[in-house]
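Observations on the three-dimensional arrangement
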Amino acid sequence: MDAPRLAPVADATLPTAVPFAVPSTVSALPADVELTDPGIYFNRELSWLDFNWRVLHQAMDERFPLLERVRFLAIAQTNLDEFFRTRVGGLKRLVEAGVAQPSPDGRTPLEQLHLIRDATVPMQAAMDRTWGEIRLALHDHDVCVRDHASLSSAERRRLALYFRRVVYPVLTPLAVDPGHPFPFISDLSLSLAVVLFHPVRPGRQFARLKVPTGRGRFLPLDQAGHFLPLEALVARHMDELFPGTRVDSVHAFRVARNADVGRDGDEADDLLQMISEEIRERRFAPPVRLEVDAAMPDTVVDLLCSELHLDPTLDVYRVRGLLNYGDLMTVADLDRPELRFPAWEPVVPAAFRAAPGKESPSVLTLVRKEDHLVHHPYDSFTATVQRFIDEAADDPRVLAIKMALYRTQENSPVIRALIRAAERGKQVAVLVEVTARFDELRNIEWGQALERAGVHVTYGLVGLKTHAKVALVVREEDDGIRTYCHFGTGNYNASTARIYSDLGLFTADPEMGEDAIRLFHYLTGHAPEQRYSSIIVAPRDLRATLEELIGREVAHRREGRTAGIILKMNAIDDVAMVRALYAASRAGVPTELIIRGHSRLRPGLAGLSDNIRLRSIIGPFLEHDRIYWFENGGVPEVLIGSADWRRRNLEERVETLVRIRDPVLQARLRGILSLALSDNRLAWELSADGNYVLRHPQGDERELSYQGALMQDALESDIARTTTLKASGIGALDSTAR
């Protein structure tokens, strides 16, 4: 296996590819290679790290505004934290259990841990270098993260007073000696390792001090845009915490703990109790990574490794910048418009807008007439999805509202509307998924608030995570009962809908309404033997349906009819689905994949996947929508929904895909896919050897940003709004990503 590597660069500032560890035997694969050959699959974990390289590249890209580069650096850090807590944590559990079963690409769990180490060390170094470059560039714009030595006398006096009044009382220095065992280090907390000399006791003593970042890590200085990290202030006043001793050294460190704790879902009698126990277990789970200040002495690192039971050659990462760049979101959020992307305000779709001098049309009225497709964040979530729920809650003729909630935000307007509906006597049933990782406590709290208002709440299905995005409204009308549905690709979350790209279908189609009713009977009544005519539900039918759709394209190709596949999703790692696409490629079916994240599939292998192209779009908005297009002999079959092509989505979750039958809506989706495939600004193309190459305009080609073009299209759909926004400097967006 090759080590991670950096491909050649096109110029001095913009790499054309990023590191990725892959087999080096591409040309040696036989044309009739078996579909079980490890050489035809990328490693999932290394592919995920490669995705994070593409995120980090946005922080390195000098074409982006400075504070947006800070934001992408923070995102890359939080991504990496979650990767270690979940993926590395899971691999460590396998190693501890003695599991040596290789992955589809032929690597054991222990081998993967070592490869992850080899791939992460250069990533950490790149993050440190990038922060150093951005920090210098920010200084030229009077945005500074400073050290204590650079403070003025007045700033030092003010911060010293702040330390004594606010910080000092909450600090808890914990010494380690025969009478004081090594303290518990909480997950992802920032700590200081302090080495002390005592005038009486022999040798050096060790103490741990947790930095209290609950009120914020970056302290504002006298000049706007200038900050001091809290740990720098604490370190400067360390002698006040240990009077009578000499402070020899102070270095920061940080521990990530395993979040992939075991869950015996099939035997859980009480799902809420199981989740509560899992959260407690996660808090005390074994460490999986130790980040330390690069200057920390080896003796201190060895002590930390010994106490935390970590391997110094595998689990320790020396950081030559800030520990936890994720905290830099505070800096990224500064109100400095000239250093950020122009503000984007989602557009109210034309059909949902009020005519001059009139009230906005009812969403239910619009949907009763025809299906509507919305695409966030280009289309306003508040003016479409949120209005749909609000109107249903307030409409006296609405009898029932049912929803599947996976994640939502603080002070959620969706939750408030559901509570209001229940208080007005409507039947409200909500599936609250309490196993949504890292959102469990919030979802439990929302579920309990809904229950107090009289909502029928189901806390997920034991053994299955409900990831479907569905809302159902049942209304009594003059001609009888009518159903209205929203099927989406993203969460019912107004905050993330401004930065995640997601699709939603509004429909009053009776057949889809019947399917939605059956789906909720399954979710709330635990009755899995439902039959669906218009939607596809996992785990029951989704895998078989997708395999059937791929097989149908193969049959069309062999019969000389129009055949082709375009798939847009977050990730693809299910081996059976990858093999199905390989088989289709061998049959000559052209396949375009738009995969934001990781992929086991290797495109461009001669005789196997040479009819498959794969690209990834990373930009200001997070690509989250799923679109599945099958040419079907010239009568396209088009689906959107909540499921990626991962084993967990196909087998371990309740997911929904819905068919888009309206030719107008199909055409809109085809336009979205065509723009994505034409992007030469944000798109990376994956080659058979594992390198992602950033696309650039070729020859006379015009630079096209997929996300920028979609924003421009949204603006042009509303002339008045376009005029207003262009006047404020948000005009030509097709080549600027915003």
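Rules used in this analysis
- Residues numbered from 1 in each chain as written.
- Predicted model: local features only at pLDDT ≥ 70, side-chain atom pairs only at ≥ 80, totals over all residues.
- Heavy atoms only, no water.
- Helix = DSSP H or I, 4+ residues; strand = E, 2+ residues; numbered from the N terminus.
- Buried < 20%, exposed > 50% of the residue type's maximum accessible area, 1.4 Å probe, protein only.
- Contact = heavy atoms within 4.5 Å.
- Pairing = 2+ DSSP bridges.
- Axes fitted to C-alpha atoms, helices over the stretch in contact; angles between N-to-C directions.
- Parallel < 35°, antiparallel > 145°, perpendicular 65-115°, else oblique.
- Left-handed = near helix turned anticlockwise from the far one by under 90°.
- Nonpolar A, V, L, I, M, F, W, Y, C, P; charged D, E, K, R; others polar.
- Salt bridge = Lys/Arg side-chain N within 4 Å of Asp/Glu carboxyl O.
- Polar contact = N/O pair within 3.5 Å; in protein donor to acceptor, adjacent residues only side chain to side chain.
- Expected span 1.5 Å × (residues − 1).
- Arc of directions from axis to C-beta.
- Phe/Tyr/Trp six-rings, centres within 6.5 Å; stacked < 30°, edge-to-face > 60°.
- Lys NZ or Arg CZ within 6 Å of the ring centre and 35° of its normal.
- Bend = angle between axes of the 7 residues up to and from the residue.
- Lys, Arg positive; Asp, Glu negative; His and termini not counted.

Considerations on the overall build of the protein chain
Scanning the protein chain for helices and strands turns up 19 helices and 28 strands. When each of the 738 residues of the protein chain is scored for burial, the buried share is 58%. For the protein chain, long-range pairs separated by at least 24 residues make up 73% of all intrachain contacts whose partners lie at least 6 apart in sequence.

A short note on the sheet that holds strand β8 (residues 246–257)
Taken together, six strands build an open sheet; the order of strands is β3-β5-β4-β8-β9-β10 and the sheet is mixed. What marks the edges here is a single partner per strand, and that holds for β3 (174–176) and β10 (316–319). Averaged over neighbouring strand pairs, the angle between their axes works out to 30 degrees when direction is ignored. Sitting on the sheet, helix α3 (residues 109–139) touches β9 (287–293) and β10, and the angle it makes with β10 is about 15 degrees. Sheet strands touched by helix α7 (residues 298–308): β4 (190–197), β5 (204–210), β8, β9 and β10. Its angle to β9, the strand with the most contacts, is close to 165 degrees.

Regarding the packing of helix α2 (residues 66–96) against α3
It is the contact of α2 with α3, at a shortest axis distance of 11 Å, that shows an interaxial angle of 165 degrees. Here α2 lies roughly antiparallel to α3, going by the angle between them. α2 and α3 meet at a crossing whose hand is left-handed. Class assignment for the residues of the contact of α2 with α3 results in 22 nonpolar, three polar and two charged.

What to know about the pattern of salt bridges
Across all of its chains, the model carries 56 salt bridges by this definition. Here E511 and R661 are joined by a salt bridge, their closest N and O atoms 3.8 Å apart. Of this pair, E511 sits in helix α13 (residues 510–525) while R661 sits in the loop between β26 (653–659) and α17 (663–678), and the two are 150 residues apart along the sequence. A salt bridge links R695 to E685, with the shortest nitrogen-to-oxygen separation between them at 3.7 Å. With R695 in the loop between β28 (692–694) and α18 (706–716) and E685 in strand β27 (residues 683–686), the pair connects residues that are 10 residues apart, well separated along the chain. Accessibility expressed as a relative area gives 24% for E685, which makes it partly exposed.

A word on the side chain of N324
Relative to the assigned elements, N324 resides in the loop between β10 and α8 (329–332). In this structure the side chain of N324 is engaged in a polar contact, spanning 2.9 Å, whose partner is the backbone nitrogen of G326. Residues contacting N324, with those up to four places away along its chain left out, are Q77, D81, R217 and R254.

Topic: helix α4 (residues 153–167)
Between the first and last C-alpha of α4 there are 20 Å, a value that for 15 residues agrees with the 21 Å anticipated at 1.5 Å per step. Buried within α4 are the following residues: E155, L159, A160, F163 and V167. Seen along its axis, α4 keeps its buried residues to an arc of 135 degrees; they face one direction. For α4, the exposed residues lying more than 90 degrees away from the buried face are S153, R157 and R165.

A short note on the packing of aromatic side chains
Counted according to the given criterion, the structure contains 14 aromatic pairs. Their ring planes at 15 degrees and their centres at 6.1 Å tell us that F182 and F206 sit as a pair that is stacked. Separated by 24 residues along the polypeptide, F182 in the loop between β3 and β4 and F206 in strand β5 bring together distant segments of the chain. With respect to burial, F182 and F206 carry one shared label: buried. On the basis of an interplanar angle of 80 degrees and a centroid distance of 5.6 Å, the ring pair of Y378 and F621 is categorised as edge-to-face. Residue Y378 is found in the loop between β11 (372–376) and α10 (382–394), and its partner F621 is found in the loop between β22 (612–617) and β23 (622–623); the two are separated by 243 residues along the sequence. Judged by relative accessible area, which is 1%, F621 ranks as buried. One aromatic cluster is present, formed by W48, F51, F83, F84 and Y317 through successive ring pairs. A cation sits over an aromatic face here: R54 above Y692, 3.8 Å from the ring centre. If you follow R670 out to its NZ or CZ, it ends over the ring of W629, 4.9 Å from the centre.

What about α2?
Given a rise of 1.5 Å per residue, 31 residues ought to cover 45 Å, and the 43 Å separating the end C-alpha atoms of α2 matches this to within 8%. Bending of α2 peaks at approximately 30 degrees at the position of F84. Burial analysis of α2 places 23 of its 31 residues in the buried class, which makes it a mostly covered element. Of the residues flanking the end of α2, it is G98, one or two places downstream, whose phi is positive at about 80 degrees.

Things to note about unusual backbone geometry
Note that the residue after H376, namely P377, is joined by a cis bond; omega there is 5 degrees. Looking at the secondary structure, you find P377 in the loop between β11 and α10. Each neighbour pair has its own omega, and for A538 with P539 the value is 5 degrees, a cis peptide bond. With respect to the helices and strands, P539 occurs in the loop between β19 (535–538) and α14 (542–558).

Considerations on the sheet that holds strand β6 (residues 218–220)
As summarised here, the arrangement of the three strands in space is β2-β7-β6, forming an open sheet in which the pairing is mixed. Whereas interior strands pair on both sides, the edge strands pair on one side only; in this sheet they are β2 (144–145) and β6.

Comments concerning the side chain of R615
Within the element layout of this structure, R615 appears in strand β22. Buried charge without a partner: R615 forms no salt bridge, and the closest opposite charge is E685, 4.0 Å away. Here the side chain of R615 touches L677 through a polar contact of 2.7 Å, landing on its backbone oxygen. Apart from the residues lying within four places of it in its own chain, the contact partners of R615 are E592, L593, I594, I595, A676, L677, W684, E685 and R695.

Quick notes on the pairing of β19
The alternating pattern of β19 places I535 and V537 and I536 and A538 on opposite faces, both of which are buried. Here β19 runs beside β26; their pairing, made up of four bridges, is antiparallel. From the neighbouring strand, A538 faces β26, where its bridge partner is E655.

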